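Here is how the chains run, residue by residue.
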Amino acid sequence: MTGTRIAALGHYQPAKVLTNHDLAAMVDTSDEWISSRVGIRTRHVAGPDEPVDELAAHAGAKALAAAGLTPADIDLVLVATSTAIDRSPNTAARVAARLSMGSPAVMDLNVVCAGFTHALATADHAVRAGSASRVLVIGADKMAGVADWTDRSTCVLVGDGAGAAVVVATGAEEEPGIGPVLWGSVPEMGHAVRIEGTPPRFAQEGQSVYRWATTQLPPIARKVCERAGVTPEELAAVVLHQANLRIIEPVAQKIGAVNAVIARDVVESGNTSAASIPMALSKLVDRGEVESGAPTLLFGFGGNLSYAGQVIRCP
């Protein structure tokens, strides 16, 4: 074994769509105000009878089917989420039960918006270390459940969904398909993005996050490319956390990925936290916008002022 790769992807979003015009009937806002400031036009919202583990299981099942695997083939389930209500059973255990898996290890990771890239790195490490052979990695969040629907500065941002990847070992003669992770945080700025209180509510200091993301993240993302042995110009796609189009576009430009397709799923899905990167990547692959084997930068950032990124080869 020389490394790991993503064998397949899958994504899922609830059926209900909330448009900017719908929101304008709920709070003091407008389609023009939302579109001009964050670039979002629609978002999918889960109902009260659609818990996070249900969203996650749907995405996971799609990824397994695309990989040609059965639930019994998986020996580790990692779910990145920060919006699950219950502590135990954790979301990964509930996904395993929903999919009728055998006896996988089950772990949740709460790194908020950078959760999926942290989980993907953890899966890579587990397979390389020999403690897992096939890993189901899911990012799933129900941000609508923690939104303050009276706060126009935050409720217009959020959406619900899940994205999944199946991670497997590469063969002896294969190139690794998941590059080295670069991860870290800015603990003194952890208050800038919050989901706290009883009941928990999402809040953020938007200007602080914008300044940090657009100034501090591009050089870190370039280091991710350096660790993977590729230049930004060689990237075929860039999938950043889908927080805000006004962050995604300038950060991608500053990275220098001049030949890359830039994921802009935030326009139709909103900010889905840990689900945003795998959902956006899955959609790019489904639409044929990124070729199999193409180098793609994944970079998550947000809550805790955490970040994590790696270059992968598209399945």
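Residues numbered from 1 in each chain as written. Predicted model: local features only at pLDDT ≥ 70, side-chain atom pairs only at ≥ 80, totals over all residues. Heavy atoms only, no water.

*Asks:* Please clarify how the overall build of the chain should be interpreted in this entry.
*Replies:* Regarding its fold elements, the chain presents 10 helices and 14 strands. Here the C-alpha atoms of the chain give a radius of gyration of 18 Å, agreeing with the 20 Å that 2.2 N^0.38 yields for 315 residues. Referenced to the eigenvectors of the C-alpha coordinate spread, the extents of the chain come out at roughly 60 × 45 × 40 Å. With 315 residues in all, the chain has 57% of them scored as buried. Long-range contacts, defined here as pairs at least 24 residues apart, represent 76% of the contacts in the chain between residues at least 6 apart. For the chain, the exposed area adds up to about 12,400 Å²; of that, 50% sits on carbon and sulfur atoms. Where the 25 positive side-chain charges of the chain centre and where its 32 negative ones centre are 3 Å apart. (Helix = DSSP H or I, 4+ residues; strand = E, 2+ residues; numbered from the N terminus. Rg over C-alpha atoms; globule rule 2.2 N^0.38 Å. Buried < 20%, exposed > 50% of the residue type's maximum accessible area, 1.4 Å probe, protein only. Contact = heavy atoms within 4.5 Å. Areas by Shrake-Rupley, 256 points an atom, 1.4 Å probe, with all protein chains shown as cover. Lys, Arg positive; Asp, Glu negative; His and termini not counted. Charge placed at Lys NZ, Arg CZ, Asp CG, Glu CD.)

*Asks:* Could you clarify how one ought to interpret the pattern of salt bridges in this entry?
*Replies:* This structure, assessed with the given rule, holds 12 salt bridges. A salt bridge links D124 to R128; its shortest N-O distance comes to 2.8 Å. Note that D124 and R128 are positioned in helix α5 (residues 115-129) at a spacing of four residues, about one turn of the helix. Residue classification places D124 among the buried residues on the basis of a relative accessible area of 5%. A salt bridge links E196 to R194, with the shortest nitrogen-to-oxygen separation between them at 3.3 Å. (Salt bridge = Lys/Arg side-chain N within 4 Å of Asp/Glu carboxyl O.)

*Asks:* Which parts of the structure should I look at to understand helix α2 (residues 31-38)?
*Replies:* Considered for burial, the residues of α2 that qualify are I34, S35 and V38. The arc that holds the buried residues of α2, viewed along the axis, is 105°, so those residues lie on one side. Buried residues in α2 make contact with α1 (20-24), β3 (42-44) and α8 (245-255). Positioned one or two residues after α2, G39 has a phi angle of 80°, which is positive. (Arc of directions from axis to C-beta.)

*Asks:* Sorry if this is basic, but what is going on with the packing of helix α3 (residues 52-67) against helix α4 (residues 91-98) here?
*Replies:* Angle between the axes and distance between the axes are the two parameters that describe a pair of packed helices. Running from N to C, α3 and α4 point in directions that differ by 55°, and their axes come no closer than 9 Å. One finds that α3 runs oblique with respect to α4. Two packed elements cross with a definite hand, and for α3 against α4 that hand is right-handed. Taking contact as the criterion, the partners of V52, D53, E54, A56 and A57 in α3 are, on α4, T91, R94, V95 and R98. Looking at the contact of α3 with α4, its residues break down into four nonpolar, one polar and four charged. (Axes fitted to C-alpha atoms, helices over the stretch in contact; angles between N-to-C directions. Parallel < 35°, antiparallel > 145°, perpendicular 65-115°, else oblique. Left-handed = near helix turned anticlockwise from the far one by under 90°. Nonpolar A, V, L, I, M, F, W, Y, C, P; charged D, E, K, R; others polar.)

*Asks:* Hey, could you run me through helix α10 (residues 276-286) in this one?
*Replies:* Think of an α-helix as turning once every 3.6 residues; residues three or four places apart then point the same way. Of all 11 residues in α10, nine are buried, a share of seventy percent or more. Of the positions making up α10, those classed as buried are S276, I277, P278, M279, A280, L281, S282, K283 and L284. Positive backbone phi, approximately 75°, marks G288, located one or two places after α10.

*Asks:* Hey, could you run me through the sheet that holds strand β1 (residues 4-12) in this one?
*Replies:* Strand-to-strand pairing in sheets goes through backbone hydrogen bonds, with the strands running parallel or antiparallel. An order of β1-β7-β6-β4-β5 is seen for the five strands of this open sheet, with the pairing classed as mixed. Looking at strand neighbours, the two that pair on one side only are β1 and β5 (105-109), the edges of this open sheet. Taken pair by pair, the neighbouring strands of this sheet meet at an average axis angle of 20°, ignoring direction. One ladder, built from five bridges, connects strand β4 (residues 76-80) with β5; its direction is parallel. Considered in β5, the bridge of L78 is made with M107. Sheet strands in contact with α3 are β1, β6 (134-142) and β7 (160-169), and its direction is about 130° off that of β1. α4 contacts β4, β5 and β6 of the sheet and is inclined by roughly 135° relative to β5. (Pairing = 2+ DSSP bridges.)

*Asks:* Explain unusual backbone geometry here, please?
*Replies:* A cis geometry characterises the amide bond from S88 onward to P89, with omega recorded as 0°. Topologically, P89 is positioned in the loop between β4 and α4. The phi angle at L305 is positive, at roughly 50°, despite the residue not being glycine. On the secondary structure map, L305 appears in the loop between β13 (295-302) and β14 (306-313).

*Asks:* Just checking my understanding: could you explain the environment of V77 for this structure?
*Replies:* Its location among the elements puts V77 in strand β4. Linking V77 and A119, residues 42 residues apart in sequence, is a C-alpha distance of 9.8 Å. With residues near it in sequence (within four places) discarded, V77 still touches A92, M101, P104, A105, V106, M107 and L136.

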